[in-house]
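# Coordinate analysis (summary)
Given next are the chains, with one letter for each unit.
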Amino acid sequence: MQVILKQIGDCILRRCELSDIIPVMEINLRTLPEHYSDYFYESLLEELPEAFIVAEISGKIIGYIMCKMEHGFSNFKKLGFVKKGHVVSIAVIDEHRRKGFGSVLVNEALNGVKIRQCSELYLEVRCSNTDAVRLYEKLGFSIIQRLKAYYRDGEDAYVMAIDFTSGNYTSKSATNDSINLDSNK
Ligand code: ACO
Ligand code: ZN
């Protein structure tokens, strides 16, 4: 069953399905230095399908976001132990960037982890990746800390996070209106 979350012009945002994993892996290979096994993608899809989302135009996947869920110390509350979402990876192919798809992917992942009662969403991003840092800041994420030599090539990462329980938090996502469609397989 396909779960369509949103449509923006000719682009559909929907939950990832098993058959999307190969095209998602291809986008990851082309756009990011951090790669994963097919087993890892499948395990994320199984664990948190609500926050593994693809953007599709005319039947072609042009972007994805995938997340996992963790229990651990809060990025916001001192000594607080919380359930939190973790963005493992997000990418949009080059020719479709700066059209808002990255933002809607993050917003839909936010909805997905909230459905699973997470109170925060966090991620690591290369300090040099100003496009991504700006995108996350625009959506309400804050820089929490800097991790020295986090990446294999020695680059530092920012940990960025957003707290859904904070009084300052207002969802920038427009809707929760998923439409369930029977797939025609
Ligand atoms: N220059 C300046 N700001 C930018 C740029 C850019 N080239 N691209 C995005 N932004 C910022 C802007 O604030 C922009 O808002 P605006 O268009 O209103 O000014 C905002 O981000 C949102 O842009 P979107 O169009 O929604 O984002 P896009 O679809 O371009 O996707 C993404 C952003 C996913 C970071 C894309 O650039 C990408 O795939 N990059 C390569 C992969 C990558 O770096 N992924 C993130 C790694 S971290 C991780 O995965 C946890
Ligand atoms: Zn991470």
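These remarks concern the structure in this document. Each residue is numbered by its place in its chain's sequence as written, counting from 1. Following the order in which they are written, the chains are lettered starting with A and the ligands numbered starting with 1. Restriction of local features to residues with pLDDT of at least 70 applies here, the model being predicted, together with a cutoff of 80 or more for giving and counting side-chain atom pairs; totals for whole chains, interfaces and linings are based on all residues. The side-chain quantities take in all heavy atoms of the structure and omit both hydrogens and water.

### Remarks on the environment of Cys-11
We count it as follows: Numbering goes from the N terminus for both helices and strands, where a helix is a DSSP run of H or I of at least four residues and a strand is a run of E of at least two. Burial status follows relative accessibility: with a 1.4 Å probe on protein chains alone, a residue under 20% of its type maximum counts as buried, one over 50% as exposed, and anything between as partly exposed.
The residue Cys-11 is located in strand E2 (residues 11–15) in this model. Taking relative accessible area as the criterion, Cys-11 reaches 0% and is therefore assigned buried. Separated by 45 residues in the primary sequence, Cys-11 and Glu-56 have C-alpha atoms spaced 5.5 Å apart.

### Things to note about the side chain of Glu-70
Rule in force here: Working convention for charge: Lys and Arg count positive, Asp and Glu count negative, and His plus the chain ends are omitted. We define a salt bridge as a side-chain nitrogen of Lys or Arg found within 4 Å of a carboxyl oxygen belonging to Asp or Glu. N or O atoms within 3.5 Å of each other form a polar contact, as long as, within protein, one can give a hydrogen and the other can take it, and as long as residues adjacent in sequence are counted only when both atoms are side-chain atoms. The contact criterion used is simple: two residues touch if any of their non-hydrogen atoms lie within 4.5 Å.
Among the structural elements, Glu-70 can be located in strand E4 (residues 60–73). Nearest to the buried, unbridged Glu-70 among oppositely charged side chains is Lys-68, at 4.1 Å. Polar contacts involving the side chain of Glu-70 include one to the side chain of His-86, which spans 2.6 Å. Of the polar contacts made by the side chain of Glu-70, one reaches the side chain of Tyr-122; its length is 2.6 Å. Sequence-distant contacts of Glu-70, defined by excluding residues within four places in its chain, comprise Val-82, Lys-83, Lys-84, His-86 and Tyr-122.

### Side note on the packing of helix H3 (residues 101–115) against helix H4 (residues 130–138)
The cut-off we apply is this: Note on definitions: angles span 0 to 180 degrees between N-to-C directions of axes, and those axes are lines fitted to C-alpha atoms, for helices only across the stretch in contact. Roughly parallel covers angles under 35 degrees, roughly antiparallel covers those over 145, roughly perpendicular covers 65 to 115, and oblique covers all other angles. Should the near helix be turned anticlockwise from the far one by less than a right angle, the crossing is termed left-handed; should it be turned clockwise, right-handed.
Running from amino to carboxyl end, H3 crosses H4 at an angle of 50°, the nearest separation of the two axes being 10 Å. As judged from the angle between their axes, H3 and H4 are oblique. For H3 against H4, the interelement crossing comes out right-handed. Residue-level inspection shows Gly-102, Ser-103 and Val-106 of H3 in contact with H4, the latter providing Leu-135, Tyr-136 and Lys-138.

### With respect to the pairing of strand E3 (residues 53–57)
To keep it simple, the criterion reads: For two strands to count as paired, DSSP must find a minimum of two bridges between them.
Where burial is concerned, most of E3 is hidden: five out of the five residues are buried. Strand direction decides the pairing type here: E2 and E3, joined by five bridges, are antiparallel. Pairing of Ile-12 across the sheet is with Glu-56, part of E3. Counting the residues that bridge the hairpin from E3 to E4 gives two residues, and of these Ser-58 lies at a positive phi of roughly 50°.

### Side note on the coordination of the zinc ion (ligand 2)
The criterion, for reference: Each metal site lists N, O and S donors within 2.8 Å (3.2 Å for Na, K and Ca). With water left out of the atoms, a site can look as if it is missing ligands.
Taken together, His-86 (NE2) and Glu-124 (OE) make up the full set of protein donors to the zinc ion (ligand 2), lying 1.8 to 2.1 Å away. A residue pair is termed long-range when its members are at least 10 positions apart, and His-86 in strand E5 (residues 81–92) and Glu-124 in strand E6 (residues 120–126) qualify at 38 residues. Exposure remark for His-86: the relative accessible area of 8% places this residue in the buried category.

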